[in-house]
Protein chains: 2
Amino acid sequence: MSQLTIEDIARIAGVSRSTVSRVLNGQPNVRPSVRDRVQEVINSYGYAPQAAARQLVMRKTRLIGLILPDNAHHLFGNPIFAEIARGMSQVCAQRGYTPMLFIGRQDMDEATFFSLLRGRHFDGVLLISSDRQDRSAAMLREAGMPYVRVGHDPEDDQDLQYVDVDNVAAARVAVEHLIALGHRRIAMLKGLAKDVCTHARLEGYRQALAAAGIPFDEALVGDGDWTPASGYAWTRRFLDLPEPPTALFSSNDMMVAGVVRAVQERGLNVPDDLAIVGFDDLLQTTMIFPELTTIRQPCVEMGMRAAELLLDQLEHNRRERAQIILPTTLIIRESCGYRRRSAHLSPPAESATAALDDEQRAS
Amino acid sequence: MSQLTIEDIARIAGVSRSTVSRVLNGQPNVRPSVRDRVQEVINSYGYAPQAAARQLVMRKTRLIGLILPDNAHHLFGNPIFAEIARGMSQVCAQRGYTPMLFIGRQDMDEATFFSLLRGRHFDGVLLISSDRQDRSAAMLREAGMPYVRVGHDPEDDQDLQYVDVDNVAAARVAVEHLIALGHRRIAMLKGLAKDVCTHARLEGYRQALAAAGIPFDEALVGDGDWTPASGYAWTRRFLDLPEPPTALFSSNDMMVAGVVRAVQERGLNVPDDLAIVGFDDLLQTTMIFPELTTIRQPCVEMGMRAAELLLDQLEHNRRERAQIILPTTLIIRESCGYRRRSAHLSPPAESATAALDDEQRAS
DNA sequence: TTGTACGCGTTATCAG
DNA sequence: CTGATAACGCGTACAA
């Protein structure tokens, strides 16, 4: 029952296997009555063509690989990633592809990974990575596997097609918001140095300060690692400074949990003693008290755009450069001390593209 | 270059393709000098056998599918799931299998999903689901696909092999802890009704109350949905009660974020005005102030055990019942008002199995 | 130790 | 509209 082949179905239905194949693939040139009979047999036996055999002759799997950096298992626990994946999945399904998240990267050596790629399990790959050290992109290229990346490294521009946000501009807007509220002593929590966006967000912070004529103070920059624990540790240090900050910009929301804890532990409060802007807009942070002002990334859309790019590449052989930068949004809540409506952040002119214009119409 | 077949490699190396195949699969009976020469050609051309062709003849993919309930996209954002997956991945990799997380379930109709299963993409499936309505397990059985489940439904005992924790006992221990601290008005936050563990945890709560002679009070049970928002809403109601609770047991940690917020908003504090025990031991909750007392599940290990069960089933054709219950741990921190060492929770006698004994030795 | 020939289950081509 | 037949790339008895 489980070993049925197309041949068996053909015999049972009293036709040739060519006809069954035609029914299976919705091809024309099958008499309706025959089609129905064959379909009935297929259904009643729960037959489905064996993928491997089909792939062998079709030279296509209609499977899309989703890949994360090898050291990024924590990403699974990151809602941002889940959102991006959701966007990808939606587009893939709509166009008849099946996305598969490749999950064993960190338990596998490079050679094995490379073989997996060359084994043509996937027609193409969606790579989610802002990790500078990650070799995934290089291996994908080496393996001749079509891919589109979410995230990119401006200093290593080998990815032909990617989707990202303008982290510099996003961070700048966040810090400008604090400056507009009158803050001058503004601390910044960085992420891990290996991640490209860490440097971009720091740059945005510097730009905002510079534009306002506020001197950059090394003592106000904390070397975070994306976790709440690092937010906690650095905030304690900041608060111990002779001239402590009155505001803080965190490179992600998760660290803010630690920041808030450190502030409360001192008997201080947010936003009066420390105004905070985060980055990511995680669902959970809605519940931080007070609600967090933060930067929202268009995650679902990044995933959708990346998938569209990839599938276009696969189906129409588009291989031209396509580097899409999507706009972020500053979500203003309570952690900076007042409320107003959300403000859209437009990406800077130099990164504007045709694709981007589409984007703005859509949003 | 990308289209090289085993035949090409053979020609280049000046041998037959049988010999290349032998080298590829590490078989004996190849002269070392020949083996080296062939290997060199393979490496220099970056050749790897095409998975589909190999699968067709081997009748095995060495791919393991990881599947979540169709409505559980939010699980990606759940660190618990990430841990379970990590355990699975580790074991799979170690035994030469590649785990693939099937990610597009909610964008796919049942028929398509069924075809995917029958297409024999995977040798077996690891299903992570405590969802009562989820049809995955039934479809897996219908498709004749070997699977092992993490989580189970005691009222629908059709899963031959599963790994789970004793949610009743775990919840009971959590509530007993509160009772031991002198609390009599203990609120409980439930999860979604569709999840089996929701009912089990409620049952544990009832048992602990009953054992202490505390009457069950419907008004103290909140219908949560696992999110912080529901924790927030219910806690406000609890605090408005004529006789508000002095302690609260939450079915997961995520909801606690909302609970803490509601408490602080009233100018009250944890643990003096409300003692809290959570469930899951998420990394993030370490940063809740004060640190959360909670129940830890052995996630990585659940994943490992499930993977072992599945691979044994595939390789040794083991199809006997194997229902493994792993012990949980009460992690005592600050949210109940005092500190002491962690206490192990042994599973109840009726669920003890040989496998379980292994477990206890291991821990 | 190495090479030859066949089959795995499917789709595509071409003849009827 | 339908049915033979030839690939697809690889593993493996079996022959050399």
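What counts and what doesn't
- Residues numbered from 1 in each chain as written.
- Chains lettered and ligands numbered in written order.
- Predicted model: local features only at pLDDT ≥ 70, side-chain atom pairs only at ≥ 80, totals over all residues.
- Heavy atoms only, no water.
- Core = buried A, V, L, I, M, F, W, Y, C linked by side-chain atoms within 4.5 Å.
- Buried < 20%, exposed > 50% of the residue type's maximum accessible area, 1.4 Å probe, protein only.
- Contact = heavy atoms within 4.5 Å.
- Near = heavy atom within 4 Å.
- Polar contact = N/O pair within 3.5 Å; in protein donor to acceptor, adjacent residues only side chain to side chain.
- Helix = DSSP H or I, 4+ residues; strand = E, 2+ residues; numbered from the N terminus.
- Nonpolar A, V, L, I, M, F, W, Y, C, P; charged D, E, K, R; others polar.
- UniProt positions renumbered as here; feature names shortened; annotations may be inferred.
- Pairing = 2+ DSSP bridges.
- Expected span 1.5 Å × (residues − 1).
- Buried area = accessible area lost by both parts, 1.4 Å probe.
- Salt bridge = Lys/Arg side-chain N within 4 Å of Asp/Glu carboxyl O.

S.K.: I tried to follow the nonpolar core on my own but got confused; where do I start?
M.R.: Nonpolar side chains in soluble globular proteins tend to end up buried together. In this structure, Leu126(A) and Leu126(B) are the most contacted members of the largest nonpolar core, which totals 67 residues. Dropping the residues within four chain positions of it, Leu126(A) is found in contact with Ile64(A), Gly65(A), Leu66(A), Ile67(A), Met88(A), Val148(A), Ala306(A), Ala307(A) and Leu310(A).

S.K.: When you look at the protein's contact with DNA strand D in this model, what are you seeing that I'm missing?
M.R.: Ser18(A), Arg59(A), Ile6(B), Tyr47(B) and Arg54(B) are the nearest of the 27 residues found near DNA strand D. A breakdown of the atoms of DNA strand D within 4 Å of the protein gives sugar and phosphate a share of 63%. Within the side chain of Ser18(A), an N or O atom sits 2.6 Å from a base nitrogen of DNA strand D. Contact between DNA strand D and Ser21(B): a phosphate oxygen at 3.1 Å from a side-chain N or O atom of the residue. The set of elements that each furnish at least two residues to the surface near DNA strand D consists of helix H2 (17–24) and helix H4 (51–58) of chain A together with helix H2 (17–24) and helix H4 (51–58) of chain B. When its residues are assigned to classes, the surface near DNA strand D shows 11 nonpolar, 10 polar and 6 charged.

S.K.: What is the right way to look at the UniProt feature "domain: HTH cro/C1-type" (unreviewed entry) in chain A in this model?
M.R.: In the UniProt entry, the feature "domain: HTH cro/C1-type" (unreviewed entry) is given for residues 4–27 of chain A. Across residues 4–27 of chain A, helical content stands at 67% and strand content at 0%; the span's end C-alpha atoms are separated by 22 Å.

S.K.: Help me out: how do you make sense of the pairing of strand E5 (residues 161–165) of chain B in this one?
M.R.: Residues and elements named next belong to chain B. The buried fraction of E5 amounts to 5 of the 5 residues, a majority that puts the element mostly inside the structure. Because side chains alternate across E5, one face comprises the buried residues Gln161, Val163 and Val165, and the other comprises Tyr162 and Asp164, equally buried. Judged from the 2 bridges that link them, strand E4 (residues 147–150) and E5 form a sheet pairing that is parallel. By the bridge assignment for E5, Arg149 is matched with Tyr162.

S.K.: How should I be thinking about helix H11 (residues 253–265) of chain A in this particular structure?
M.R.: Because each turn of an α-helix spans 3.6 residues, side chains separated by three or four positions end up pointing in the same direction. Residues and elements named next belong to chain A. Relative to the 18 Å expected for 13 residues at 1.5 Å per residue, H11 spans 19 Å between its end C-alpha atoms, a close match to the ideal helical length. Taken together, the buried positions of H11 are occupied by Asp253, Met255, Val256, Gly258, Val259, Val260, Arg261, Ala262 and Val263. Here the buried face of H11 lies against strand E6 (186–189), helix H10 (228–240), strand E8 (247–250), strand E9 (275–280) and strand E10 (293–296). N-capping of H11 is provided by Asn252, with a side-chain oxygen placed 3.4 Å from the backbone N of Met254. Remark: Gly267 follows H11 within two positions and exhibits a positive phi of approximately 80 degrees.

S.K.: Quick question: what am I supposed to make of the interface of chain B and chain A here?
M.R.: Much of the literature gives interface size as the accessible area that the parts lose upon coming together. Between chain B and chain A, the residue contacts involve 62 residues of the former and 61 residues of the latter. Between chain B and chain A the total buried area reaches about 5,200 Å² when both faces are included, carbon and sulfur atoms providing 63% of it. Here chain B and chain A share 2 salt bridges between them. Between Arg261(A) and Glu291(B) there is a salt bridge whose closest N-O contact spans 3.3 Å. Summed over the shared surface of chain B and chain A, the number is 12 residue pairs in polar contact (both at pLDDT 80 or more). Broken down by secondary-structure element, the contributors of at least two residues to the side of chain B that touches chain A are H4, strand E1 (63–67), helix H5 (79–94), strand E2 (98–102), helix H6 (110–118), helix H10 (228–240) and helix H11 (253–265) of chain B. In terms of residue count, H5(B) provides more of the side of chain B that touches chain A than any other element does, 7 residues in total. Looking at the side of chain B that touches chain A, its residues break down into 33 nonpolar, 20 polar and 9 charged.

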